[in-house]
Amino acid sequence: MPPTIVSPADCEVRAVIRFLSAKGAKPMDIHREICEVYGQNIMSDGMVRKWVRAFKDGRTNVHDEERGGRPSVVNEDLVQKVDKKNKRRGKMSKGIVLLHDNARPHVANRTKDLIKSFKWETLNHPPYSPDLAPSDYHLFLHLKKHLGGKRLQDDNEVKTVVIQWLKSQAAEFYEEGIQKLVPRYDKCLNIHGNYVEK
């Protein structure tokens, strides 16, 4: 059954959890209720339990707590970081630079702490710029050409063909896609986070 309410604000879901918890509902029942209304992927059972505990321990605020983190828009600091990287070609060979989008799991404090523990540098991803993913502008482009016109019988055959193709690509193929990232990122910053290709 499709969700009744699509894309609710996080604070709305937490307010429902707080309300049902105050009425004495068990976390398992609260999880079932919110999944019926908002869809199965709205929140894990474990996260519902965490929020129920927090509300029982006296938390009243259903909004995210302020925390440092990624900029919500392209700013001067971000531009300087990219300029600095452009001047240091070969940085990838000296350490790991991680670019990931601003999906919730990627910006969670736990994830940030783990990345910091690895001593990886994170390259901030401007909001609403999915065209900065090398898989989108490089990998899938070539894979699409490879698969074009082929008739595959089932999902397993598709998996097999894709895996074989991925394994057959030389390291230079992947490096070429990553090297295209710097000029694309720079171009994205110059047009204030709009799509690189329209």
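For the structure itself, consult the block above.
This write-up is about the structure you can find in this document. (Residues numbered from 1 in each chain as written. Predicted model: local features only at pLDDT ≥ 70, side-chain atom pairs only at ≥ 80, totals over all residues. Heavy atoms only, no water.)

## Points about the overall build of the protein
Turning to step 1, where the next piece is worked out: Secondary structure assignment for the protein yields eleven helices and two strands.
Turning to step 2, where the next piece is worked out: Along its sequence from the N terminus, the protein presents helices and strands in the succession α-α-α-α-α-β-α-α-β-α-α-α-α.
Turning to step 3, where the next piece is worked out: Per-residue burial over the protein gives 25% buried out of 198 residues.
Turning to step 4, where the next piece is worked out: Within the protein, contacts between residues at least 6 apart in sequence are counted, and of these 66% link residues at least 24 apart.
Turning to step 5, where the next piece is worked out: Accessible area for the protein stands at about 14000 Å²; split by element, carbon and sulfur atoms hold 54% of it. (Helix = DSSP H or I, 4+ residues; strand = E, 2+ residues; numbered from the N terminus. Buried < 20%, exposed > 50% of the residue type's maximum accessible area, 1.4 Å probe, protein only. Contact = heavy atoms within 4.5 Å. Areas by Shrake-Rupley, 256 points an atom, 1.4 Å probe, with all protein chains shown as cover.)

## Description of the pattern of salt bridges
Turning to step 1, where the next piece is worked out: According to the stated counting rule, one finds six salt bridges in the structure shown.
Turning to step 2, where the next piece is worked out: For Arg14, the salt bridge identified is with Asp10, shortest N-O distance 3.9 Å. Residue Arg14 and its partner Asp10 are located together in helix α1 (residues 10–22), separated by four residues, close to a single helical turn.
Turning to step 3, where the next piece is worked out: Looking at Arg14, the relative accessible area reads 8%, which means it is buried.
Turning to step 4, where the next piece is worked out: We note a salt bridge from Arg32 to Glu33, for which the minimum N-O separation is 3.6 Å. (Salt bridge = Lys/Arg side-chain N within 4 Å of Asp/Glu carboxyl O.)

## Points about the packing of aromatic side chains
Turning to step 1, where the next piece is worked out: Overall, the coordinates contain three aromatic pairs when judged by the stated rule.
Turning to step 2, where the next piece is worked out: On the numbers, 5.7 Å between centres and 35° between planes, the contact of Trp51 with Phe55 is tilted. Within this pair, Trp51 and its partner Phe55 are both found in helix α3 (residues 45–56), separated by four residues, close to a single helical turn. Like Trp51, the residue Phe55 is buried in the burial classification.
Turning to step 3, where the next piece is worked out: Aromatic pair Phe173 and Tyr174: ring centres 5.2 Å apart, planes at 80°, arrangement edge-to-face.
Turning to step 4, where the next piece is worked out: The exposure class of Phe173 is buried, given its relative accessible area of 11%.
Turning to step 5, where the next piece is worked out: With relative accessibility at 32%, the residue Tyr174 sits in the partly exposed group.
Turning to step 6, where the next piece is worked out: Ring-pair connections join several aromatic residues into one group, and the members of that group are Trp165, Phe173 and Tyr174. (Phe/Tyr/Trp six-rings, centres within 6.5 Å; stacked < 30°, edge-to-face > 60°.)

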